[in-house]
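# Breakdown of the fold
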Amino acid sequence: MAPAPTPFHILRNHAAPLAALAFNPANSCLYAGDQDGVITITDLKSRRTITSWKAHEGGVLSLVEWEGKLISHGRDNQIHFYNPMPSHGSLSSRTGPSRPPPSIESSLSTNALNFCRFSFCPISGPSSPSPDTAKGKGKQREALLAVPNLVDSELVDIYLLPSKARLHASINLLPKPPQKGESSLKTAASRTGLVMAIHLGFDDVQRLNCVIGYEDGRVELWRCGAETQHRDQASEESQTAWRRTWDARMSSGPPLWNKVWEAKGHNEAIMAMVVDSRVHRAFTVSADHMIVRYDLRPFTSIECPNAIAIPETINPVKAFSTGQIGNASLAIPSDGAVVAVGGWDGKIRLFSAASLKPLGTLAYHRETVHTLTFASASLPKIDADPDAASTLDIGAEDDSDGSEDEEAGGVPRSRWLASGGKDKRISLWGLKDFGTAA
């Protein structure tokens, strides 16, 4: 096994433990949020902090850039949607942030009681008409946002962006069979505890799926739309079913969302969960020493898109010991080849996503690694929206999409990993290509 790399750069621009990290789509800047609610934006070419501001009264849970605008989720029960940051010409050479922070365009109230991060799912395909269509500004791109229910932290709601309208409420509610004299709108007979992690994504046949991790260590796979026996019908139905407004507590007809599968991989609450981009595999960690992989391909792969039960010959749940009791964070790149696990001991362990074979250990942090994120994959230029402004107009001339960096040992930015810890530091790593990891 090759010697483990060391971080090629350390950022010390936070005064509180890190809580969330995210690269922008061009990998030209890094967003970071800490447990005091402060967000910083760092130019990855100059390694300088461009701006810093107090975004939330509680800690930051999630960060993502969409359509050139930052979205932040905090423990203060707010999701903020920001305007693009105004450009002030070239960066000054003085020490400290050189630009004012982006202004808040709007906010969405949420329930952050269980510290569950939102799940953000961009929608590909035809866009919805924009109010500015008549002015020649084209159509709006859309996305879905999944968060815990506003009043019940054991349930999940889904919102449509950019309208911020709630499309689906309490999608994982299982009606209790009514007893004599009881209402049919009773909650589930057996509750699974608080929702700890959510992943929303489309599978191979473009059906909308939601993977949910719970306080009792359970993972469930839910799907929007009725199951059919024909692949083309399933695909066609899935393209329109998720657009229907639906509330599980109020609906009296067939459910829009159905639980496809569930498994229990841990005896304690799930601390972190990641799912690959095709919803083929999910991974979880907890306070124990295990990383657990869930094979979702029998339900989401194009080879068997309508399965409703895993064959007995397939074991969908595989647990592997990380050698460390207590793990706090997970990350998976867009190609789904490797999984990074951040431990309470400050180490980052890399595993093959296909086999869970250990690939190496990254050691720098002295305390818990709270957050991990891989750099964005290079996207085809055809997918770019020419009308979308960038949150930060930086790195426009440095070919940051996959460009090599001398300080990173020539590793392209598309293979960078960022980690943030309790030690208030952010480390940047340049990794080898794990595309063929066994």
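Residues numbered from 1 in each chain as written. Predicted model: local features only at pLDDT ≥ 70, side-chain atom pairs only at ≥ 80, totals over all residues. Heavy atoms only, no water.

### As for the confidence of the model for the protein
The condition that has to hold: Think of pLDDT as the predictor's per-residue confidence, scored from 0 to 100. We call two residues in contact when some of their heavy atoms are within 4.5 Å.
Across the protein, the average pLDDT comes to 83, with 75% of residues at 70 or higher. Here residues 130-136 scores under 50 on pLDDT; set against residues more than four positions off or in separate chains, the count is 6 contacts. Below a pLDDT of 50 lies the segment residues 183-189, which in the model reaches 18 contacts outside its immediate sequence neighbourhood of four places, other chains included.

### A short note on the environment of Ala248
Here is the rule we go by: Note on conventions: DSSP H or I runs of at least 4 residues are helices, E runs of at least 2 residues are strands, and numbering of each starts at the N terminus.
With respect to the helices, strands and loops of the structure, Ala248 is situated in the loop between strand E19 (246-247) and strand E20 (257-264). In this structure, the C-alpha to C-alpha distance between Ala248 and His168, residues 80 residues apart in sequence, is 7.9 Å. For Ala248, the contacting residues outside a window of four places in its chain are Ala169, Ser170 and Leu173.

### Re the sheet that holds strand E24 (residues 317-321)
Short version of the rule: Pairing between two strands is assigned when DSSP locates at least 2 bridges connecting them. Fitted lines through C-alpha atoms serve as axes, helices being fitted only where they are in contact, and the angles separating the N-to-C directions of these axes extend from 0 to 180 degrees.
Ordered by their spatial adjacency, 4 strands build an open sheet running E21-E22-E23-E24, and the pairing between neighbours is antiparallel. The sheet is open, and its two edges are formed by strand E21 (272-275) and E24, each paired on a single side. Averaged over neighbouring strand pairs, the angle between their axes works out to 20° when direction is ignored. Two elements, strand E23 (residues 290-295) and E24, share 5 bridges in a ladder whose sense is antiparallel. Paired with Met290 across the strands is Ser321, a residue of E24.

### Overview of the pattern of salt bridges
Note the cut-off: When a carboxyl oxygen of Asp or Glu is within 4 Å of a side-chain nitrogen of Lys or Arg, the pair counts as a salt bridge.
The tally for this structure, following the rule as stated, stands at 14 salt bridges. Arg141 is paired through a salt bridge with Glu67; the nearest N and O atoms lie 3.7 Å apart. Of this pair, Arg141 sits in the loop between strand E12 (139-140) and strand E13 (143-148) while Glu67 sits in the loop between strand E6 (60-66) and strand E7 (69-74), placing them 74 residues apart in sequence. For Glu220, the salt bridge goes to Lys259, with nearest N and O atoms at 3.7 Å. Taken together, the residues Glu220 in strand E18 (residues 218-224) and Lys259 in strand E20 connect sequence positions 39 residues apart. Taken together, the salt bridges that share partners define one network made up of Asp216, Arg218, Glu220, Lys259 and Glu262.

### Observations concerning the packing of aromatic side chains
Filter applied, for reference: Centres within 6.5 Å make a pair out of two Phe, Tyr or Trp rings, where for Trp the six-membered ring is used; the pair is then stacked when the planes are under 30 degrees apart, edge-to-face when over 60, and tilted otherwise.
The final tally for this structure, using the stated rule, is 7 aromatic pairs. Centre to centre, the rings of Phe8 and Trp416 are 4.8 Å apart; their planes meet at 55°, and the pair counts as tilted. Note that Phe8 is positioned in the segment before strand E1 (9-11) and Trp416 in strand E30 (residues 416-421), a separation of 408 residues in sequence. Considering the side-chain rings of Trp53 and Tyr82, the 5.6 Å spacing of their centres and the 75° angle between planes classify their relative orientation as edge-to-face.

### Observations concerning the nonpolar core
Rules: Here the nonpolar core consists of buried residues drawn from Ala, Val, Leu, Ile, Met, Phe, Trp, Tyr and Cys, with membership extended through side-chain atoms lying within 4.5 Å. Here the term buried applies to any residue with accessible area under 20% of the maximum for its type, exposed to any over 50%, and partly exposed to those in between, with areas from a 1.4 Å probe on protein chains only.
Grouped together as the largest cluster of nonpolar side chains are 28 residues, with contacts concentrated most on Leu144, Leu200, Leu208, Cys210, Trp242 and Trp257. Secondary-structure elements contributing two or more residues to this core are E13, strand E14 (156-161), strand E16 (195-202), strand E17 (208-214) and E18. Residues within four places of Leu200 in sequence aside, it is in contact with Ser119, Cys121, Leu144, Ala146, Ile158, Leu208, Asn209, Cys210 and Trp257. Formed by 17 residues, the second largest nonpolar core is a distinct cluster that contains Val211, Ile270, Val292 and Tyr294.

### Observations concerning the sheet that holds strand E31 (residues 426-430)
Spatially, E1-E31-E30-E29 is the arrangement adopted by the 4 strands of the open sheet, whose pairing is antiparallel. The sheet terminates laterally at E1 and strand E29 (369-374), the two strands that pair on one side only. Strand-to-strand, the axes of this sheet are offset by a mean angle of 20°, without reference to chain direction. Direction of pairing for E1 relative to E31: antiparallel, over a ladder of 3 bridges. In the sheet register, His9 faces E31, and the bridge partner there is Leu428.

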